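Listed below are the residues making up each chain.
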Amino acid sequence: LGYTLTHCWTGPHALSLHRLNSILAARGVQGVIVMPFSEAQDFSSLDWSGLAGVVMDHCLKAPALTTILPDHHLSLFDALRRLWALGYRRPGLVLDHAKDERLRFRWSGAYSSFSRTVGPDRLLPVLMDSPLQAKSFHPWFQAHEPDVVIGHVHSDITRWLGERGRRIPEHVGFLQLNWTERTAPCAGLDLQPGVLGGAAVEAVVAQLQRNECGLPENPKTILMPARWIDGPTLRPQPAVAPPHPAKA
């Protein structure tokens, strides 16, 4: 499309927003894609009047821009359905509270929604901690004995389960919420960052082609589904029985 990308770091040890304003104006930049931050930021002091912009994930407190993010709620809901089909009946969700809060509690919300399809008494209390630690994981696991753990920190959870004499997947399964962050081969949800980045570029270019600059009156939210990845941390898929021969 004829555009080029430049990566600018902002924050306490990088560019201030005031300095970034000067750089964008000097270089004639027309479009901005705000990449995810670990903690929500305030970009109100950036001069958006001449810019088309989108934000990746819910990483801005202000202003409100068109947002591109994975459909965390639907992706986890569908993952729970898959785990149920594999025979898991006690899926346990382990979350960093700060991460779930940044996503407007979409993960814990999906878990709660799924409980309504199987019965609220069938699922376990969500383990929420910031950060996740063994001292909270062990009492939770002992009290509820999940048969599959869903979470982020594969290496930590594997170690904690080993301390309890549990092996993956023989004794308990594991599903990585963000497969890109895996530390070893595992089953997980691929949030498809490349697809998300492509959607962000398309959204900015569409604004430029429509000559839309400044803060949007009606910012949009574009949700992209995650991709299920099979892996060695879950029991194998059940074999499909061959069809019965037709009767003569």
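Presented here is a report on the structure given in the accompanying data block. (Residues numbered from 1 in each chain as written. Predicted model: local features only at pLDDT ≥ 70, side-chain atom pairs only at ≥ 80, totals over all residues. Heavy atoms only, no water.)

What follows concerns the side chain of Thr10. By secondary structure assignment, the location of Thr10 is in the segment before helix H1 (17-27). In this structure Thr10 touches Leu15, Leu20, Phe37 and Phe43, once residues within four positions along its chain are discounted. (Helix = DSSP H or I, 4+ residues; strand = E, 2+ residues; numbered from the N terminus. Contact = heavy atoms within 4.5 Å.)

Quick look at helix H6 (residues 154-163) now. When we look at burial in H6, the residues that qualify are His154, Ile157, Trp160 and Leu161. Within H6, the buried residues cover an arc of 135° as seen down the axis, which keeps them to one side. Looking at the buried positions of H6, the neighbouring elements they touch are helix H5 (134-144), strand E8 (148-151) and strand E9 (173-176). Backbone geometry just after H6 places Gly165 at a positive phi near 75°. (Buried < 20%, exposed > 50% of the residue type's maximum accessible area, 1.4 Å probe, protein only. Arc of directions from axis to C-beta.)

Reading across the sheet, the four strands line up as E1-E3-E5-E11 and stay open at both edges, with parallel pairing between neighbours. Both edges of this open sheet fall to strand E1 (31-34) and strand E11 (221-224), since each of them pairs with a single strand only. Sheet twist, expressed as the mean angle between neighbouring strand axes with direction ignored, is 20°. Pairing between E1 and strand E3 (residues 52-56): four bridges, direction parallel. Residue pairing in the sheet places Val34 in a bridge with Val55 of E3. Relative to the sheet, helix H7 (residues 193-209) contacts E1, E3, strand E5 (66-70) and E11, its axis offset from that of E3 by approximately 160°. (Pairing = 2+ DSSP bridges. Axes fitted to C-alpha atoms, helices over the stretch in contact; angles between N-to-C directions.)

Under the definition given, this model contains zero disulfides. No disulfide involves Cys213; its nearest neighbouring cysteine sulfur is the one of Cys8, lying 18 Å away. You can call Cys213 partly exposed: its relative accessible area is 41%. (Disulfide = S-S within 2.5 Å.)

Now for the packing of H5 against H6. With their axes 11 Å apart at the nearest point, H5 and H6 run at an angle of 55° to one another. With respect to H6, the axis of H5 lies oblique. Regarding H5 and H6, the two cross each other, and that crossing is right-handed. Residues Ala134, Phe137, His138 and Phe141 of H5 pack against Ile157, Trp160, Leu161 and Glu163 of H6. Taken together, the residues of the contact of H5 with H6 break down into six nonpolar, one polar and one charged. (Parallel < 35°, antiparallel > 145°, perpendicular 65-115°, else oblique. Left-handed = near helix turned anticlockwise from the far one by under 90°. Nonpolar A, V, L, I, M, F, W, Y, C, P; charged D, E, K, R; others polar.)

As a packed pair, helix H2 (residues 72-85) and helix H4 (residues 106-118) sit with axes 8 Å apart at the nearest point and diverge in direction by 45°. Our classification of the angle between H2 and H4 gives oblique. The hand of the H2/H4 crossing is right-handed. In this structure, H2 uses His72, His73, Leu76, Phe77, Leu80, Arg81 and Trp84 to contact H4, whose residues at the interface are Arg106, Trp107, Gly109, Ala110, Tyr111, Ser113, Phe114, Thr117 and Val118. Looking at the contact of H2 with H4, its residues break down into nine nonpolar, five polar and two charged.

Here six strands make up an open sheet; going across it, the order is E7-E6-E8-E9-E10-E12 and the pairing mixed. Each having just a single partner strand, strand E7 (127-129) and strand E12 (227-229) make up the two edges of the open sheet. Between one strand axis and the next, the sheet turns by 20° as a mean value, whatever way the strands run. With three bridges connecting them, strand E10 (residues 187-190) and E12 associate as antiparallel partners. Considered in E12, the bridge of Asp190 is made with Arg227. Helix-sheet contacts for H4 involve strand E6 (91-96) and E7, and the interaxial angle to E6 is about 160°.

Across all of its chains, the model carries five salt bridges by this definition. Between Asp190 and Arg227 there is a salt bridge; the shortest N-O distance is 2.9 Å. Linking Asp190 in strand E10 with Arg227 in strand E12, this pair joins segments that are 37 residues apart in sequence. Given a relative accessible area of 42%, Arg227 falls into the partly exposed group. Taking the shortest distance from any N to any O, the salt bridge between Glu212 and Arg210 comes out at 2.8 Å. Taking relative accessible area as the criterion, Arg210 reaches 47% and is therefore assigned partly exposed. (Salt bridge = Lys/Arg side-chain N within 4 Å of Asp/Glu carboxyl O.)

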